Structure formats: structure tokens, C-alpha cells
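# A structural walkthrough
Residue-level listing of the chains:
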Amino acid sequence: MTADERQPGDIPVIGGGGTNGFHAIANVRGPGVALARSGSGFGNAWWVETDFWAHNTVMFVKDFKGNDPRYSFYVLDWIDFSAHNSGGAQPSLNRNFIYPIPVHIPPLPEQRKIAEILRTWDEAIENLEALRAANLQRRIWMRTHLFTGRTRLPGYTGEWRELDLGEVLTEHGLQGTGAEEVFSVSVHKGLINQIEHLGRSFAAADTGHYNRVLPGDIVYTKSPTGDFPLGIIKQSKISVEVIVSPLYGVFTPATRALGVILDALFESPIAVLNYLHPLVQKGAKNTIAITNRRFLEGKLRLPMDHAEQSAIAEVVEVSQAELTAIEAEIETLTRQKRGLMQKLLTGEWRVAV
């Protein structure tokens, strides 16, 4: 079923990546389990509380053979299906290949108890994911209100002015001394050690011509990356000086707080595209042509009062610290849950009913 064939309704359509829309008709009675058989979600299992429409990229359970449905979901969610790929370049699962996989089947009451235990972890993770979603929503609000002057922090009435970015960013032109580590820039982690990020160093033997990045500098990568077709813009949160490829633009903000604000603004793909689109020329092979001087010619509306800049930056940093803590806790609980699944779903640990 294509998107055009869907009828307006509230029945979730479950594809390889989970819910990807809604339809008026269900082809599976809920609660149920779907297993991604192809695509980017290959091997992912999905628990669906309601009736649903199973997309042709998933398999679904027709008969639980008297077993607890949610326990069955956790079994499928725990199995690593990568060794059972029956496709070529495009991963694919064939049900005839996975039927012989041995699994541990305890008595039904114990299945329900195991599912109850794992569900407790799921609920904790879901609550944290809701907090993360709320945090990200606030950050969107900050970009559209706090970073534009539409909403002012209490007590601040200073001037906001539209100006060239070159009025608040300076290209210092410092190069490597040979003592600095080589860093790359990623969408989600910002500046990160190249070996940690890419698995190995792609730096030249002589890095003396590499650009030095000072703590707090703004770095612009002039290459398309995921949702950022014109490159990404990040602030260095590294406490020491590092170096990056000479293909990157490196700029020092007039104040540390302005660097924090620009970094938070440009975490949005739309904000980066709106800023860079008038400045960048794209070549026939989708290459990005923009000089560092040209990069600084775009205009933004920014606060001129240093105290207001610092106050806004503090709001940003508190929000970022909260987000980092939430994501760390999600990672910890997810790891704990996987450890529990290993013990409970193999029979290594038994639970009293």
C-alpha cells in the first residue's frame, strides 16, 4: 500500500521503522508484534497495543501459540537477526530462515512475569524519552523566540541589531603547531577526535597547515552531511586547542556567549539552510563553493548587550546540560534492559511467580 492509497483514519501503519502514518483499515488485530524484514529498520521488533496495518516491509505474528504476546515481542526484540539476512546488498529476512532459531520458553506465568519486569524498564525509558522530546521542543521555541528577540528575558531592554556575521565572528587564521590532536565535526557530537569519530585518522602526514581551533571557536564544515546539505556549523566545546582540516572555516566569536547562541541556533537544519542558501554556490557535482569571507557576509539579528547575551547563553547551557543528563540516563537504562534480557530470556535467571 502506497501513501496515496491510504484512507483517512487512526489505524497506525507499521513499517520497518515503526509507525509511519495512519489508515482507516487494519489488517492485524492488536495487541500484536511486527518485525522489520527489510530496509533501514531490518530486524527491529515493534509492539503495537492496537489493531494496525502491517506494511509490506514487516512480518507480523499471526499466532502466538499460547505464549504471552508481550513476552514474544521481547524475544524477537532481543534476537540479533543480522546473521539471518537472506538478502544481498539490501538486507532482508525470510520467515523460513528464522523459524528454526531456538528460544527459551518458560511456563506462561513466568513469561508474563518476565514481560512485566522488562515493561518496567520500558516505561522508565519512555518517560525519559518524553522528557527529551519536551526539552527539544523548548529548544525549538528558543530558536524562534529567544534567539530572535521576539521574547525577551526579564529585565533586559538592550538593542538587537541585524548585522553581518563578520561583525561578531573573526577568522584568526592560526595554524597547527604539531602538538594538537586532529578533530572532525559531527552533527550530533560537534567537534570530536577524528579517530574516535571515524575509526582512524585521515589527516595528512604534515598537519602544519591545518586550522587551529581555540576553545569556543565556531567551525564551519563545507560538505553536505545528512539533513545539512550545505554543511554544518558547530562551536568547539573542547577545553584545549585542537586542529581541523584546512577545508573547514574557523572563527572566533566576539563573546563566548554569542558562540553559545550561534551553536544552539545552527543545530537546526532549517536555520543553517536559511543562513547559507543565499551565500553558497553548488557545483555540477553537488560540491559546495563558499569562501570563509563569503560565509561571514550572511545576516542575523543578535543582541548587542553583553549581559543579555550571557543570560541567553546560560538558558541554552542549562537546557543542554539537562538534555545531556537525560540522554545519559536513557543510555544507562537501555544497557541495563539489554543485560536483563540476556539473563531472563535465556533462562540463566529464573523469576519466582
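Note: the structure precedes this text.
Residues numbered from 1 in each chain as written. Predicted model: local features only at pLDDT ≥ 70, side-chain atom pairs only at ≥ 80, totals over all residues. Heavy atoms only, no water.

### What to know about the overall build of the chain
This is how the line gets drawn: Helix and strand definitions here come from DSSP, where helices need a minimum of 4 consecutive H or I residues and strands a minimum of 2 consecutive E residues; each element is numbered from the N-terminal end. For every residue, the accessible area obtained with a 1.4 Å probe (protein chains only) is divided by the maximum for its type, and the residue is called buried under 20%, exposed over 50%, and partly exposed between those limits. In this description, accessible areas are obtained by the Shrake-Rupley approach with a 1.4 Å probe, and a residue is regarded as covered only by the protein chains that are shown. By the counting rule applied here, Lys and Arg register as positive and Asp and Glu as negative, while His and the ends of each chain are not counted. Just so you know, the charge point we use is NZ for Lys, CZ for Arg, CG for Asp and CD for Glu.
Per the secondary structure count, the chain includes eight helices and 18 strands. Seen along its three principal axes, the alpha-carbon backbone of the chain occupies a region of about 70 × 55 × 45 Å. Relative to its 353 residues, the chain shows a buried fraction of 42%. Element-wise, carbon and sulfur atoms account for 53% of the exposed surface of the chain, whose accessible area totals about 19,000 Å². A gap of 4 Å separates the mean positions of the 35 positive and 39 negative side-chain charges of the chain.

### Some points on the sheet that holds strand 5 (residues 53-54)
Test applied: What makes two strands pair is DSSP finding at least two bridges between them.
Spatial strand order, 2-1-5: three strands in an open sheet with mixed pairing. Where the open sheet ends on each side, the last strands, each with one partner, are strand 2 (18-23) and strand 5. Sheet analysis places strand 1 (residues 11-15) next to strand 5, joined by two bridges and oriented parallel. Opposite Val-13, over in strand 5, you have Trp-53 as the bridge partner.

### Describing helix 8 (residues 306-344)
The cut-off we apply is this: The span one expects for a helix is its residue count, reduced by one, times 1.5 Å. Two N or O atoms form a polar contact when they lie within 3.5 Å of each other; inside protein one atom must be a possible hydrogen donor and the other a possible acceptor, and for residues adjacent in sequence the pair counts only when both atoms belong to side chains.
Between its terminal C-alpha atoms helix 8 stretches 56 Å, which fits the 57 Å expected from 39 residues at 1.5 Å a residue. The backbone nitrogen of Ala-307 has a side-chain oxygen 3.1 Å away, supplied by the residue at the start of helix 8, namely Asp-305.

### Description of the pattern of salt bridges
Stated formally: The working definition used for a salt bridge is a side-chain nitrogen of Lys or Arg within 4 Å of a carboxyl oxygen of Asp or Glu.
Enumeration over the complete set of coordinates arrives at 24 salt bridges. The closest approach of N and O atoms between Lys-65 and Asp-63, which form a salt bridge, is 3.8 Å. On the accessibility criterion, Lys-65 (67% relative accessible area) is exposed. Looking at Asp-63, the relative accessible area reads 49%, which means it is partly exposed. Note that Glu-123 and Arg-119 form a salt bridge whose closest N and O atoms lie 3.7 Å from each other. Within this pair, Glu-123 and its partner Arg-119 are both found in helix 3 (residues 108-146), separated by four residues, close to a single helical turn. Overall, the relative accessible area of 39% leaves Glu-123 in the partly exposed class.

### Focus on the packing of aromatic side chains
What counts here: Classification of ring pairs rests on two measures: the distance between centres of Phe, Tyr or Trp rings, Trp counted by its six-membered ring, which must be within 6.5 Å, and the angle between planes, read as stacked under 30 degrees, edge-to-face over 60 and tilted in between.
Per the stated rule, a full pass over the model turns up six aromatic pairs. Here Trp-47 and Phe-73 contribute two aromatic rings whose centre-to-centre distance is 6.2 Å and whose plane-to-plane angle is 50°, an arrangement assigned as tilted. Residue Trp-47 is found in strand 4 (residues 45-48), and its partner Phe-73 is found in helix 1 (residues 69-78); the two are separated by 26 residues along the sequence. Residue classification places Phe-73 among the buried positions, given a relative accessible area of 8%. Both rings, one in Tyr-275 and one in Phe-295, keep their centres 5.8 Å apart while their planes meet at 75°; by these two values the pair is edge-to-face. One end of the pair, Tyr-275, is in helix 6 (residues 269-276); the other, Phe-295, is in helix 7 (residues 292-295), with 20 residues separating them in the sequence. Here Tyr-275 matches Phe-295 in class, with each residue buried.

### Comments concerning the packing of helix 1 against helix 3
The condition is simple: Orientation is described by axes fitted as lines to C-alpha atoms, over the contacting stretch for helices, and by angles from 0 to 180 degrees between their N-to-C directions. Each crossing is labelled by how the near helix is turned from the far one, with a counterclockwise turn of less than a right angle marking it left-handed and a clockwise turn marking it right-handed. Contacts between residues were defined by any pair of non-hydrogen atoms, one from each residue, lying within 4.5 Å. Charged residues are taken to be Asp, Glu, Lys and Arg, nonpolar residues to be Ala, Val, Leu, Ile, Met, Phe, Trp, Tyr, Cys and Pro, and polar residues to be all remaining types, Gly included.
Packing of helix 1 against helix 3 brings their axes to within 8 Å, and their N-to-C directions diverge by 65°. Our pair here, helix 1 against helix 3, has a crossing hand that is left-handed. Counting all contacts with helix 1, which are made through Arg-70, Tyr-71 and Tyr-74, the residues of helix 3 involved are Gln-111, Ile-114, Ala-115, Leu-118, Arg-119 and Asp-122. Here the residues of the contact of helix 1 with helix 3 sort into five nonpolar, one polar and three charged.

### Overview of the pairing of strand 10 (residues 190-193)
Judged from the four bridges that link them, strand 9 (residues 183-186) and strand 10 form a sheet pairing that is antiparallel. Looking at the pairing, Phe-183 lines up with Asn-193 of strand 10.

### Re the environment of Asp-63
Inspection of the secondary structure puts Asp-63 in the loop between strand 6 (58-60) and helix 1. C-alpha of Asp-63 to C-alpha of Glu-49: the two residues are 14 residues apart in sequence and 16 Å apart in space. At 2.8 Å, the side chain of Asp-63 forms a polar contact with the backbone nitrogen of Lys-65.

### Focus on the nonpolar core
The condition is simple: Residues belong to a common nonpolar core when they are buried Ala, Val, Leu, Ile, Met, Phe, Trp, Tyr or Cys residues joined through side-chain atoms within 4.5 Å.
Membership of the largest hydrophobic core comes to 49 residues, with the highest contact counts inside it found for Phe-147, Tyr-220, Phe-266, Leu-276 and Phe-295. Examining the composition of this core, we find that seven residues originate from one element, helix 5 (residues 256-265), more than from any other. Core analysis: the next-biggest nonpolar cluster, separate from the first, contains 24 residues, Phe-42, Phe-73, Leu-118 and Met-341 among them.

These figures come from the coordinates and say nothing about function on their own.
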